[in-house]
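Notes for the structure review
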Amino acid sequence: MPQPPSSHLQELCNLVSTTIGGLDDLESSLNQFNSCLSSSVVSHVIDACKNEAPTRRLLRFFLWSHKYLDSSLKDQDFNHAIRVLAEKKDHLAVDILVSELRKEGRTMEKSTFSIVAEALVKLDKEEQALGIFKNLDKFRCPQDGSTVSAIVNALCARGHAHRANIVILHHKEKISGFEHCVYRSLLYGWCLIRKLKEARNVMKEMRSAGIIPDMFCYNTLLKCICERNLKGNPSALVPDALELMMEMRSNKIFPTSITYNILLSRLGRRRRVKESLDILNLMKQSGCNPDWATYYLVARVLYLSGKFGKGNEMVTEMVDRGLVPDRKFYYDLIGVLIGVKREKYAVELFELMKRNAMGGYGPVYDMLIPKLCRAGKFDKGRELWEEATANGLTISCDKDLLDPAITEVFKPVRKEEEVVSLKSTNEVTKPSRYQIKINKRSKRKK
């Protein structure tokens, strides 16, 4: 079938993408479309409109195309439309097309099932995802290692490790060649819900199957251990993590900066300053080079614990090592310092950012200038304003902030000391009812 001219193709895309009119209006306009329509044109329009058009308009266009083309619409076009709607998280639209696919005896591709299962589980419809998996034969799609791996991955990604484990037990003979992927997913699922014993059992099963746990497995297990200790036993964070790292080394897998950063992030959440500094030193001694994320985690916990000078030293050390962070590194740390009302150290960190020519200074000026002015430091605020405008930067905060007559300066209010009047030692306090009852009972016993 000949393809429609590009102008007609654009007209079709405009009809689908516009938000003017309802779905019946769309179908009425499509009925007046005079150019040729083919299977490839349908897929092209869905691709072109998927980021602009509402999903229900995409669905109505596809159903109209299906009615118009009848059997000319291929299975791959159905699969493509289902994948697009699943990625757009429109459960009802996916359900309608999946039902049409099954009713017409069409084939569901493995990649389509994988995306549909993932989308359904994310929408808390794991029962429906499992229902499609159990009836894959009715979609002319095999229950093999690929589809078993897909459903296990979808379930475990949302913490449904119990259900995933049942699927594996029922289809263990089908996962040959996909064991590594399946076991990694199951390990992640157990760790996500902090089931350490079950996660350890998965590691044992991997070894018995001849699969050596890799860095991903150990880092996932470390997250589980740290999260459990974070809530139940913070003092065990470092000992348990170091024990796992020893196990890693015994299996010829050496911890990386990512491994240490997992531990440092949990230590930071508990404000464990000494342990954070000890772990940083241990990294260096073990030959593992810290990355900028490591320095961010250590500097952040130092700032939050009131050790501002030491925090700035960490940032300087990072720069001296030649590490180049992204702008978010500075944005976050300056935000932390502003949040704890330490504008002086925030300005120092901003100066360090400028010396390293990071660029993207506009958001920092917007954070610092209002805080400095409200803290009564109008001279520094004006200096930063003039510096920003001289560099051609657009500042979103109001210039009136620089006027002491307009801007209200924050004055910390001290809590009034409560005067506690002590009762005279000669004053006899009236006994409570409870004391009277006790006294009566003691007299009866006598």
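This text follows the structure it describes.
These lines cover the structure that appears in this document, whether it is placed above or below. (Residues numbered from 1 in each chain as written. Predicted model: local features only at pLDDT ≥ 70, side-chain atom pairs only at ≥ 80, totals over all residues. Heavy atoms only, no water.)

1. Here we look at the packing of aromatic side chains
The full count for this structure, using the stated rule, is ten aromatic pairs. Where Phe 350 meets Tyr 361, the ring centres are 6.0 Å apart and the plane angle is 75°; that geometry is what we call edge-to-face. Taken together, the residues span a long stretch of sequence, with Phe 350 in helix α20 (residues 343-355) and Tyr 361 in the loop between α20 and α21 (362-374) at a distance of eleven residues. By the ring-pair criterion, three or more aromatic residues cluster together here, those being Trp 292, Tyr 296, Phe 329 and Tyr 330. Above the plane of the ring of Tyr 345 lies Lys 344, whose end atom (NZ or CZ) is 5.4 Å from the centre. Taking the ring centre of Phe 350 as reference, the NZ or CZ of Lys 354 above it sits at 4.5 Å. (Phe/Tyr/Trp six-rings, centres within 6.5 Å; stacked < 30°, edge-to-face > 60°. Helix = DSSP H or I, 4+ residues; strand = E, 2+ residues; numbered from the N terminus. Lys NZ or Arg CZ within 6 Å of the ring centre and 35° of its normal.)

2. Let's talk about the packing of helix α17 (residues 292-304) against helix α18 (residues 308-320)
Close contact between α17 and α18 brings their axes to 8 Å; oriented N to C, the two are set at 170°. As the angle between them shows, α17 and α18 are arranged roughly antiparallel. Seen from α17, the contacting residues are Trp 292, Tyr 295, Val 298, Ala 299, Leu 302 and Tyr 303; seen from α18, they are Phe 308, Lys 310, Gly 311, Asn 312, Met 314, Val 315, Glu 317 and Met 318. Classifying every residue of the contact of α17 with α18 by side-chain character gives ten nonpolar, two polar and two charged. (Axes fitted to C-alpha atoms, helices over the stretch in contact; angles between N-to-C directions. Parallel < 35°, antiparallel > 145°, perpendicular 65-115°, else oblique. Contact = heavy atoms within 4.5 Å. Nonpolar A, V, L, I, M, F, W, Y, C, P; charged D, E, K, R; others polar.)

3. A look at the nonpolar core
Formed by 135 residues in total, the largest nonpolar core has its most connected members in Ile 151, Val 315, Tyr 330 and Leu 368. Here Tyr 330 is in contact with Val 315, Met 318, Val 319, Pro 325, Leu 349, Leu 352, Met 353, Asn 356 and Met 358, once residues within four sequence places are set aside. (Core = buried A, V, L, I, M, F, W, Y, C linked by side-chain atoms within 4.5 Å. Buried < 20%, exposed > 50% of the residue type's maximum accessible area, 1.4 Å probe, protein only.)

4. Section: empty space enclosed by the protein
Counted according to the given criterion, the structure contains one cavity of 30 Å³ or more. Here the largest cavity is characterised by a volume of approximately 40 Å³. Counting residues per element, the ones that place at least two in the lining of the largest cavity are α6 (91-103) and α7 (110-122). Considering every element that reaches the lining of the largest cavity, the biggest residue donor is α7, with three residues. Among the residues forming the lining of the largest cavity, the class breakdown is six nonpolar, one polar and two charged. (1 Å grid on protein atoms, 1.4 Å probe; cavity = no way out; pocket = protein on both sides within 12 Å on 5 of 7 lines; lining within 4 Å. Points joined across faces, edges and corners; volume = space filled by probe spheres on them.)

5. What to know about the pattern of salt bridges
Under the criterion given, the structure shown has 29 salt bridges. Salt-bridge contacts for Arg 60 lead to Asp 24; the nearest nitrogen and oxygen are separated by 3.3 Å. Within this pair, whereas Arg 60 is found in helix α4 (residues 55-69), its partner Asp 24 is found in helix α2 (residues 23-31), the two being separated by 36 residues in sequence. Where Arg 207 meets Glu 247, a salt bridge forms, and the shortest distance between an N and an O atom there is 3.4 Å. One end of the pair, Arg 207, is in helix α12 (residues 196-208); the other, Glu 247, is in helix α14 (residues 237-250), and 40 residues separate them in sequence. Each of the salt bridges in this network shares a partner with another, and the network as a whole consists of Asp 24, Glu 27, Arg 60 and Lys 67. (Salt bridge = Lys/Arg side-chain N within 4 Å of Asp/Glu carboxyl O.)

6. A look at the environment of Ile 334
Turning to its location among the elements, Ile 334 is positioned in helix α19 (residues 327-339). As a C-alpha pair, Ile 334 and Ala 346 span twelve residues in sequence and 5.1 Å in three-dimensional space. In contact with Ile 334, other than residues within four places in its own chain, are Ala 346, Leu 349, Phe 350, Val 364, Met 367 and Leu 368.

7. Quick notes on α14
Look at α14: 20 Å from first C-alpha to last across 14 residues, which is about the 20 Å you get at 1.5 Å a residue. Among all positions in α14, only Leu 237, Val 238, Ala 241, Leu 244, Met 245 and Met 248 are buried. Along α14, the residues classed as buried sweep out an arc of 130° about the axis, all on the same side. Of the exposed residues in α14, those oriented more than 90 degrees away from the buried face are Glu 243, Met 246 and Ser 250. On its buried face, α14 sits against α12, α13 (215-232), α15 (257-269) and α16 (273-285). A positive phi of about 65° marks Lys 252, the residue just after α14. (Expected span 1.5 Å × (residues − 1). Arc of directions from axis to C-beta.)

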